[in-house]
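Analysis of the macromolecular model
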Amino acid sequence: MFGDYSDQYRSGFVLQGTRQTPSDEVIRSDLLYQKEMLQVSPELDGQIAEAVCIVANLDERCVSVISSQSARPLQVEAAAGVKNLLQSVMLSLSHGIGAPFCLQQVENSLQEMYLTGRLVAEFLRTNPGRQDLVGSQLRVDATDVPLLTCVAGAICFPQNVVSQP
């Protein structure tokens with residue numbers, strides 16, 4: 001699942017670094033294909049409503065979301081955690097640290113976001129509808145709350161417990 005670093009985009013990896021950002025059309029086409037392939041055995045994976053790719057462009061310091069359900073990518077304001085991650089990777093790269101280490105750094109940060117998302121999910125399960133308290137009660141940056149709420153919404157609690165922002 002960890003795709004390492006390569007010159008070109010490679011399909012099927014959860015995390016990868018590339019020298020060249022592929023076109024939005026290439027990524028969207030791949031998302032549609034991957035979604036179709038995963039629908040072959042819904043009894044194992046469940047029904048997949050949407051496939052999403054988050055593109056963090058380190059050169060331009062911007063983040064966009066490409067979806068299998070939308071023709072155009074959505075430019076998003078990066079949460080503080082994402083901005084810190086991108087700055088850390090840029091700093092590592094500028095000091096000559098290799099791409100594999102930088103991708104490992106990204107993977108570790110994503111795992112941390114997942115674990116924090118689980119904490120948010122549990123908080124929202126016990127405090128339904130109280131997204132407004134997540135930042136203060138769990139001591140996370142306010143700009144991270146929408147991202148973590150989305151992560152929490154994907155973690156397996158009933159739909160009515162975690163409403164998406």
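Heads up: the structure comes first, above all this text.
Overview of the environment of Ala51
Here Ala51 is to be found in the loop between α2 (42–45) and β3 (52–57). Sequence separation of Ala51 and Ser67 is 16 residues, and the distance between their C-alpha atoms is 5.9 Å. For Ala51, the residues in contact, after removing those within four places along its chain, are Leu31, Lys35, Ile66, Ser67 and Ser68.

Examining the layout of surface pockets
One number sums up the size of the second largest pocket: a volume of about 220 Å³. Gly81, Asn84, Leu85, Ser109, Glu112, Met113, Thr116, Asp144, Leu147 and Leu148 together form the lining of the second largest pocket. Broken down by secondary-structure element, the contributors of at least two residues to the lining of the second largest pocket are α3 (80–94), α4 (99–126) and α6 (145–153). With four residues, the top contributor of residues to the lining of the second largest pocket is α4. A breakdown of the residues in the lining of the second largest pocket according to their chemical character gives four nonpolar, four polar and two charged.

Overview of the sheet that holds β3
Here three strands make up an open sheet; going across it, the order is β3-β4-β5 and the pairing antiparallel. If you trace the sheet from one side to the other, it starts and ends with β3 and β5 (74–76), each paired once. Along the sheet, successive strands turn relative to each other by an average axial angle of 25°, direction set aside. Pairing of strand β4 (residues 62–67) with β5, which is carried by three bridges, proceeds in the antiparallel orientation. Note on β5: the bridge partner recorded for Val65 is Leu74.

Observations regarding the packing of α3 against α4
Between α3 and α4, the least distance of the axes is 10 Å, while the angle of their chain directions is 165°. With respect to α4, the element α3 is oriented roughly antiparallel. Along this stretch, α3 crosses α4, giving a crossing that reads as right-handed. Contacts from Gly81, Val82, Leu85, Ser88, Val89, Ser92 and Leu93 of α3 reach α4 at Cys102, Gln105, Val106, Ser109 and Met113. Looking at the contact of α3 with α4 residue by residue, the class counts come to seven nonpolar, five polar and no charged.

Considerations on a nonpolar patch on the surface
A contiguous nonpolar patch, built from Tyr33, Met37 and Val40 and spanning about 310 Å² of accessible area, is present on the exposed surface. For Val40, the position within the fold is in the loop between α1 (24–38) and α2.

Digging into the nonpolar core
Counting residues in hydrophobic clusters, the biggest one holds nine residues: Val120, Ala121, Phe123, Leu124, Val134, Val140, Val145, Leu148 and Ala152. Where this core is concerned, the elements lending two or more residues are α4 and α6. Among the elements that take part in this core, α4 stands out by supplying four residues, more than any other. Setting aside anything within four residues of it in sequence, one finds Leu148 in contact with Met113, Thr116, Gly117, Val120 and Val140.

Structural notes on the pattern of salt bridges
The full count for this structure, using the stated rule, is two salt bridges. Glu122 is the partner of Arg125 in a salt bridge, and the nearest nitrogen-oxygen pair spans 2.6 Å. In this pair, Arg125 and Glu122 are both assigned in helix α4, three residues apart and thus about one turn of the helix distant. Using a relative accessible area of 39% as the deciding quantity, one classes Arg125 as partly exposed. A salt bridge links Arg130 to Asp132, with the shortest nitrogen-to-oxygen separation between them at 3.0 Å. Residue classification places Asp132 among the exposed positions, given a relative accessible area of 55%.

The rules behind these values
- Residues numbered from 1 in each chain as written.
- Predicted model: local features only at pLDDT ≥ 70, side-chain atom pairs only at ≥ 80, totals over all residues.
- Heavy atoms only, no water.
- Helix = DSSP H or I, 4+ residues; strand = E, 2+ residues; numbered from the N terminus.
- Contact = heavy atoms within 4.5 Å.
- 1 Å grid on protein atoms, 1.4 Å probe; cavity = no way out; pocket = protein on both sides within 12 Å on 5 of 7 lines; lining within 4 Å.
- Points joined across faces, edges and corners; volume = space filled by probe spheres on them.
- Nonpolar A, V, L, I, M, F, W, Y, C, P; charged D, E, K, R; others polar.
- Pairing = 2+ DSSP bridges.
- Axes fitted to C-alpha atoms, helices over the stretch in contact; angles between N-to-C directions.
- Parallel < 35°, antiparallel > 145°, perpendicular 65-115°, else oblique.
- Left-handed = near helix turned anticlockwise from the far one by under 90°.
- Patch = residues over 30% accessible without salt bridge, like charges linked within 9 Å, V, L, I, M, F, W, Y side chains within 5 Å.
- Areas by Shrake-Rupley, 256 points an atom, 1.4 Å probe, with all protein chains shown as cover.
- Salt bridge = Lys/Arg side-chain N within 4 Å of Asp/Glu carboxyl O.
- Core = buried A, V, L, I, M, F, W, Y, C linked by side-chain atoms within 4.5 Å.
- Buried < 20%, exposed > 50% of the residue type's maximum accessible area, 1.4 Å probe, protein only.

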